[in-house]
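# Observations on the three-dimensional arrangement
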Amino acid sequence: MKWYKAMRPFHSNKSLNAFLAVLLVFSILSAWGTSAKAGYSRLTPAEQASTLLERMTPEERVGQLFLITFNGTEVGTESEIYQLITEHHIGGVVLKAANDNFYYDGSSPESTINQTAYLNRTLQQIEWSASLNRQTLPNGSGDFIPTFVPLFIAISQEGDGFPNDQILHGITKLPNAMAIGATWNAQLAEELGQIAGRELSTLGFNLLIGPSLDVLELPLLESTHTLGTRTFGGDPYWVGRMGKAYIRGVHLGSQGKMAVSAKHFPGHGSSDRLPEEEVATIRKSLSDLKSFDLAPFFAVTGLASNAEETVDALLTSHIRYQGLQGNIRATTRPLNLDPQAFELLMQLPELKSWRENGGLMISDDLGSRAMRRFYELTNQTFEARRVALSAFLAGNDMLYVGNFTSTGDPDTFASTVHTLEFFAQKYREDPAFAQRVDTSVLRILTLKYKLYGLFNLGTVLQPYAELEKQTEARQKVLEVARASATLVSPTQAQLDEALPEPPGAQDRIIIFSDTRTEQQCSQCPPYNMLAKTSLRDTILRLYGPQVGGVINPNFLYSYTLNELLDFLNSSGAATQSPIDVDLRRANWIVFLMLDQSAQYPSYSTLIRFLDEKPNLFQQKKLIVFAMGAPFYLDATTISKLTAYYVLYSKTPEFLDVSAYLLFQELRPTGALPVSVPTIGYDLNEMLFPDPDQEISLFIDLPSPISETSVPATLQATPTLQFHPQDTLPLRTSVILDHNGHAVPDGTPVRFTFNFEGMPNNIIQETTTSEGVAKTVFTIPSVGALEIFVQSENARSDPMRIDILPSGELLLTPTNTSAPTDTETPVPLPTPTQITPEVEKVIPPSEPGILDWWLALITSGGVGLGIYQARFNRHPGQWRARASLLAFIGGMGVYLYLIFGLPGSREVLEKSVPISVILGTFGGGLIGAVIALSWKKIHEWTVQRNKSSER
């Protein structure tokens, strides 16, 4: 009764009824939100996508099919990209340095990442804001409220800086794919993927276009038209293994917030054209593709062992195939425009299973120079909407459109809008087309739900934080640089003889650097990607006067390759060039080389110097560091060098490694991951089993003992006894290739069994997995069994096993070079029981119905406490108002939490019940403060009115 009486003065005030109504609404809304969200979160991403699709208009559906590029960083209400997002509901954008989407002020790398993070957040906020405003249907038949579907914000960041990275400042400068491939270490590939995933997702990207899974086949000398260091290498197995590890790393590093689209499906490694420049034609049958180009894509789709290793999408390439469908004279259209060729590949079991599980196909840029040239060369006009329709009907789910200007249209924006409108109209008129659109949109929405779980601004806009662990990331890049450094010529033993000592304090070193400039954007200040004094500065930092004085700074000379070219062109001039003087005085000549191109004939300059100036380098130490691809020098040219190293990348860590190599503080351990025919390096032969190794044999049971055995000695592991007709499981040790790494999966291995009393040997053929081959042999009877294993020219010594009547095994090595010990039966204990690990299930951080009760109780308690405590000195109506506002404040915070608004996810991850209690308690206090402020303002207003009346 006390509460009721206190409310009496407030009964006549109509606001009481309003407050009570608000109280009821907040209670119902919070209960509904809790139960609805809990029920919705139990739906699978595919079910969520299907539910959302039902609410989408044709314009919203077809908009999801398009990935758009745009120029600059302006995304205000007057910009074209703003209109494409808000009015045409596009599915995503691709940010590119060539389109000036990134900015660098020339002084602070943070300027680039801060601008990028702001741009990405703004793009998602534009999409969110559009979903809050009612729009009119294009045909005028009504209006609708757009659905909020997060944008894909995509980037291609291939490593090694310009030109294949888009962000050049502020994030870790990762090496290119070939440098990773040269380590032959999948764990390093995964760790670099984690760095990329963590940093890019922190900036707001959620779709990585890459890595390249192309297998680089027989690159040509001085070729400037191959993917080069953009690929992991030239072996299908290792490209697939490295790609799988990198993809796993991206998924883990981004905590599942970044989708990955591998490229350039179905493989561009055999072409002599860059995919961006021209549509290449490759003469390959389907069987050739399956065994070579497609193998890495199989590894990350249907053959992937878990979700982290499975790629989310494939980027289809502009490439034609001659002989793909059996007729060697038949040539396909570009694959992403050819429905028959596309379907032929999608029906392959490995791709079909992946596709059925939601795998997404994305076209490569349909407005690229390659596509436009294809239409020009075939005397066709480039009509954007027909190109897009052909690509979509061929089988692509998303259409990546860049410079997408139709012949006759004023600009790309106009052509893109016409294409979107054309697709929407066709959707309404063509049921078959509409069904095809819905199928693709379901794939797109499902993938986005996999990334976010729920579509609200709180889950999409992760709190921006400074990029962490960059020092640790750079250490990992240095580890890759050290592991990938490759000595191509001579052998290490020959080099040790030729260079018994590193440069000393009295040695003079002249360095020629392949200096080039790069820009983050067209208006950004240029800077050198490899400065004239880069290596000199590195040497002084590591070996100069401040760190032991190994080298004299006055004896280090730096020049650019362009300066060397000018010197060669001016030979015979009357005045002596400084380069000539320094070359004659130098003891060491060092070249730091980037890749050859039409614009930068770097290796041509080096070759000219070797041909024209032998008197200037003979009797000197001549060292070449290739900071790019390894295949620009032939064997004759390499024979003139004291040492030829390949480092593959040009980031600062790789410069450090070049200095370590020069001063002999590091012995290179990398190996060429691609064939280099000009020097007789055949990758396929190098991956054969090394004939100098001895393969060991083991009984293969669930609890294997250590393999630290004497080579060629069969090891008995814990097992049951063996009797006639039992199967004897066997496995080999890890079989190594010529580079000392496990041979590729699928390497043939032959087990030969010779059983006493049998006239013929029993031969069983199998293949390796992770370098190990396994087989089982059925024991025919009691007696002596001799086994040996062979893979190519590598083999084990024969091993003798005596199966005794008691079931015990007697192991006898039969190496004839040494007598054997007295035969002793080997005890065979019972195998250890292996307890499988149970995956810990982490409960979702979502409030439930019990948390709603906690919120009601806490908010109500705060309201009652406010009523009884602080406001006892105030009239009843203000006490009631304070209590109600406290309740509303508490439940308002609860609603903020359950609807996943910005910051709520991080709060709930710690503890849902505690977060709900503390949040509603704090909200209640805020409501009370608002009531007190309201009362003070009211009293001040009344007092002022009284004063004015006087």
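### Some details on the side chain of T560
- Among the secondary structure elements, T560 is positioned in strand β17 (residues 556-560).
- The exposure class assigned to T560 is buried, which follows from its relative accessible area of 13%.
- Leave out the neighbours within four places in its chain, and T560 touches F512, S513, T515 and K532.

### Some points on helix α9 (residues 236-253)
- End to end, α9 covers 25 Å across 18 residues, agreeing with the expected 26 Å (1.5 Å per residue, within 8%).
- Most of α9 sits out of view: 15 of its 18 residues are buried.
- The opening residue of α9 is D235, an N-cap whose side-chain oxygen sits 3.2 Å from the backbone nitrogen of Y237.

### Some words on the confidence of the model for the protein
- Taken residue by residue, the protein gives an average pLDDT of 83. The fraction at 70 or more is 82%.
- Note that residues 704-720 has pLDDT below 50 and, in this model, 50 contacts with residues that lie over four places away or in other chains.
- Taken as a whole, residues 814-844 scores under 50 in pLDDT and shows 33 contacts with residues more than four places along the chain or in a different chain.

### Digging into the pattern of salt bridges
- Here the structure, examined in full by the defined rule, presents 29 salt bridges.
- For E191, the salt bridge goes to K476, with nearest N and O atoms at 2.8 Å. Taken together, the positions of E191 in helix α8 (residues 186-202) and K476 in helix α19 (residues 470-484) put the pair 285 residues apart, joining distant regions of the chain.
- The residue D293 makes a salt bridge to K284 at a minimum N-O spacing of 2.4 Å. Both residues of the pair, D293 and K284, belong to the buried class.
- If you follow the salt bridges from partner to partner, you end up with R355, D397, R436 and R443 in one network.

### Section: the packing of aromatic side chains
- Counting across every chain of the model gives 25 aromatic pairs.
- On the basis of an interplanar angle of 65 degrees and a centroid distance of 6.3 Å, the ring pair of Y104 and Y527 is categorised as edge-to-face. Separated by 423 residues along the polypeptide, Y104 in the loop between β2 (92-94) and α6 (110-130) and Y527 in strand β16 (residues 527-528) bring together distant segments of the chain.
- Consider the rings of Y237 and W238, whose centres lie 5.5 Å apart with planes at 75 degrees: the pair is edge-to-face.
- The exposure class of Y237 is buried, given its relative accessible area of 16%.
- Judged by its relative accessible area of 7%, W238 falls in the buried class.
- Three or more aromatic residues joined by ring pairs form one cluster here, namely F66, F392, F422, F423 and F433.
- Positioned above the aromatic ring of F422, the side-chain terminus of R385 is 4.8 Å from the ring centre.

### Overview of the sheet that holds strand β13 (residues 486-489)
- Read across the sheet, six strands follow the order β13-β20-β19-β18-β14-β17 without closing on themselves; strand pairing throughout is mixed. Two strands bound the open sheet, and with one partner strand each, they are β13 and β17. The average undirected angle you get between the axes of adjacent strands in this sheet is 20 degrees.
- When strand β14 (residues 509-513) meets β17, the two strands line up parallel, connected through five bridges. Considered in β17, the bridge of S513 is made with T560.
- Relative to the sheet, helix α22 (residues 561-569) contacts β14, β17 and β18 (588-593), its axis offset from that of β17 by approximately 80 degrees.

### A short note on the state of the cysteines
- Inspection of every chain in the model, using the stated rule, returns one disulfide.
- Across the disulfide, C521 is cross-linked to C524 (sulfur-sulfur distance 1.9 Å). Torsion about the S-S bond of the C521 and C524 cystine: about 95 degrees, corresponding to right-handed handedness.
- You can call C521 buried: its relative accessible area is 8%.
- Judged by relative accessible area, which is 2%, C524 ranks as buried.

### Section: the pairing of strand β9 (residues 313-316)
- The two faces of β9 match: A313 and L315 on one face and L314 and T316 on the other face are all buried.
- By the bridge criterion, three bridges tie strand β7 (residues 259-265) to β9 in an arrangement that is parallel. Across the sheet, residue A262 finds its bridge partner in β9, namely L314.
- Bridge count for β9 against strand β11 (residues 360-363) is four bridges, and the pairing is parallel.

About the thresholds
- Counting of residues starts from 1 at the beginning of each chain's written sequence and follows it residue by residue.
- The model is predicted, so local features are restricted to residues of pLDDT at least 70 and side-chain atom pairs to those at 80 or more, both for listing and for counting; the totals for chains, interfaces and linings are taken over all residues.
- Computation of side-chain values: all heavy atoms of the structure, hydrogens and water removed.
- Strands here are runs of E lasting at least two residues and helices are runs of H or I lasting at least four, both read from the DSSP assignment and numbered beginning at the N terminus.
- Relative accessible area decides the class of each residue, using a 1.4 Å probe on protein chains only: under 20% of the type maximum gives buried, over 50% gives exposed, and in between gives partly exposed.
- Should any heavy atoms of two residues lie within 4.5 Å, those residues are considered in contact.
- An expected span of 1.5 Å times one less than the residue number is assigned to each helix.
- Between N or O atoms, a polar contact is any pair within 3.5 Å; within protein, one atom must be a potential hydrogen donor and the other a potential acceptor, and residues adjacent in sequence are included only when both atoms are from side chains.
- As a per-residue measure, pLDDT tells how confident the predictor is, with possible values from 0 to 100.
- By definition, a salt bridge exists where a carboxyl oxygen of Asp or Glu is found within 4 Å of a side-chain nitrogen of Lys or Arg.
- Here a pair means two rings of Phe, Tyr or Trp (six-membered ring of Trp) with centres within 6.5 Å. Their orientation is stacked below 30 degrees between planes, edge-to-face above 60, and tilted elsewhere.
- Two conditions define a charge sitting above a ring: the NZ of Lys or the CZ of Arg must be within 6 Å of the ring centre, and it must be within 35 degrees of the ring normal.
- Should DSSP find at least two bridges between two strands, the strands are taken to pair.
- Comment: axis = line fitted to C-alpha atoms, over the contacting stretch for helices; angle = value between 0 and 180 degrees taken between N-to-C directions.
- Only a pair of cysteine sulfur atoms within 2.5 Å counts as a disulfide in this structure description.

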